[in-house]
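Chain residues, written in single-letter form:
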Amino acid sequence: MQLTVSRDAENLQKALLELAQAGRRVALVPTMGALHAGHMSLIRLGLELADAVVVSIFVNPKQFGPNEDFARYPRMLEADLRKVEEAGAAVAYAPSVEDLYPQGFDSSVSAGELGRILEGASRPGHFDGVATVVTKLLLRTLPHIAIFGEKDYQQLCVIRRVVADLDIPVEIIGAPTLRAPDGLAMSSRNGYLSSEERQLAPKLYETLTHVGSAISKNELPVAKALAAGVAQLTSLGYKVDYLELRDEDSLQPIERFKDSARLLVAAKLGNTRLIDNIVILSS
Ligand code: PAF
């Protein structure tokens, strides 16, 4: 399928109309560009679950705090469009800031309490920015399904909540995290890591799996397993923001593990903040 590139809402509507007239089931894959193998796996999943994939590419200023990396976030539109085309997507929607947030734009979607814990506690306003842009992208595209990586697990929970609360008619699909062979979760921000930091980075996932295994086998009480994980990462040079066992849907803390939970971590390696998570099932 030849890729249609839409740079504004009007062109997007034309491309979507053609897909609708052809009776296509549409999957939306929202991205901020700098596409890597993880994004490609989301597009592949879209093509398995739908007939046509729309990929949005937009570095959303509203989800970056004043001291965050909005200005230096990698932007490589030409290379991204080639990848999207090779992956078989039907439409790439790469709007300008003015197209999504025209002069006078003054509303926002609140991510509520879910948006204020964990990542939201360290990055105030981040999830309101995500909820606002994702709501706009969903309403502009009105896809049958929209696919988000589990790498940003809290983001996935926030989006599910917003979509349910606001009756947005779309099915949200979570896709498994794609990892480098050494375990590091794929992320556009991995490019910020120095070669030394890149060598240490897989320890984040390794620690998650050790802590997760101690919890699922009941080898240690949850609090002790988490404290051991924090100590391990700190000794390796990480600055741990949180390492927490949480309910899979509400993301509320779990003190005693029963059948399933999410183990989530955020830690800084040098100047780069890494996040990761795994599901824990009883063994
Ligand atoms: O995960 C991302 O890349 C972004 O947060 C998203 C969902 C595209 C919204 O800007």
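Above this text sits the structure in question.
A brief report on the enclosed structure follows.

Each value, and the rule that gives it
Residues numbered from 1 in each chain as written. Predicted model: local features only at pLDDT ≥ 70, side-chain atom pairs only at ≥ 80, totals over all residues. Heavy atoms only, no water. Near = heavy atom within 4 Å. Polar contact = N/O pair within 3.5 Å; in protein donor to acceptor, adjacent residues only side chain to side chain. Areas by Shrake-Rupley, 256 points an atom, 1.4 Å probe, with all protein chains shown as cover. Buried < 20%, exposed > 50% of the residue type's maximum accessible area, 1.4 Å probe, protein only. Helix = DSSP H or I, 4+ residues; strand = E, 2+ residues; numbered from the N terminus. Pairing = 2+ DSSP bridges. 1 Å grid on protein atoms, 1.4 Å probe; cavity = no way out; pocket = protein on both sides within 12 Å on 5 of 7 lines; lining within 4 Å. Points joined across faces, edges and corners; volume = space filled by probe spheres on them. Phe/Tyr/Trp six-rings, centres within 6.5 Å; stacked < 30°, edge-to-face > 60°. Lys NZ or Arg CZ within 6 Å of the ring centre and 35° of its normal.

Some details on the site of the ligand
Step number 1: Taken together, Pro30, Thr31, Met32, Asn60, Gln63, Val133, Val134, Phe148, Asp152 and Gln155 form the complete shell of residues around the ligand.
Step number 2: Measuring from an oxygen atom of the ligand, one finds a side-chain N or O atom of glutamine 63 at 2.6 Å.
Step number 3: Glutamine 155 has a polar side-chain atom sitting 2.7 Å from an oxygen atom of the ligand.
Step number 4: For the ligand, the protein covers 88% of the area, taking 290 Å² as the surface of the free molecule.

Points about the pairing of strand β9 (residues 272-281)
Step number 1: The element β9 is largely enclosed, with a buried count of seven among its 10 residues.
Step number 2: Examined bridge by bridge, strand β8 (residues 260-269) and β9 share 10 bridges and lie antiparallel to one another. In the strand pairing of β9, arginine 262 is matched with valine 279.
Step number 3: Taken together, β8 and the strand that follows it, β9, pair antiparallel across an intervening segment of two residues, in which glycine 270 is found at a positive phi of about 60°.

Points about the layout of surface pockets
Step number 1: Of the voids in this model, the second largest pocket is the one considered here, and its volume is about 230 Å³.
Step number 2: In terms of lining, the second largest pocket is formed by 17 residues, of which the most central are Ile57, Phe58, Val59, Arg75 and Pro95.

Observations concerning the packing of aromatic side chains
Step number 1: Tallied over the entire structure, the rule returns four aromatic pairs.
Step number 2: In this structure, arginine 75 packs its charged tip against the face of phenylalanine 70, placed 4.7 Å from the ring centre.
Step number 3: One cation-aromatic arrangement involves arginine 262 over tyrosine 153; the distance from NZ or CZ to the ring centre is 4.0 Å.

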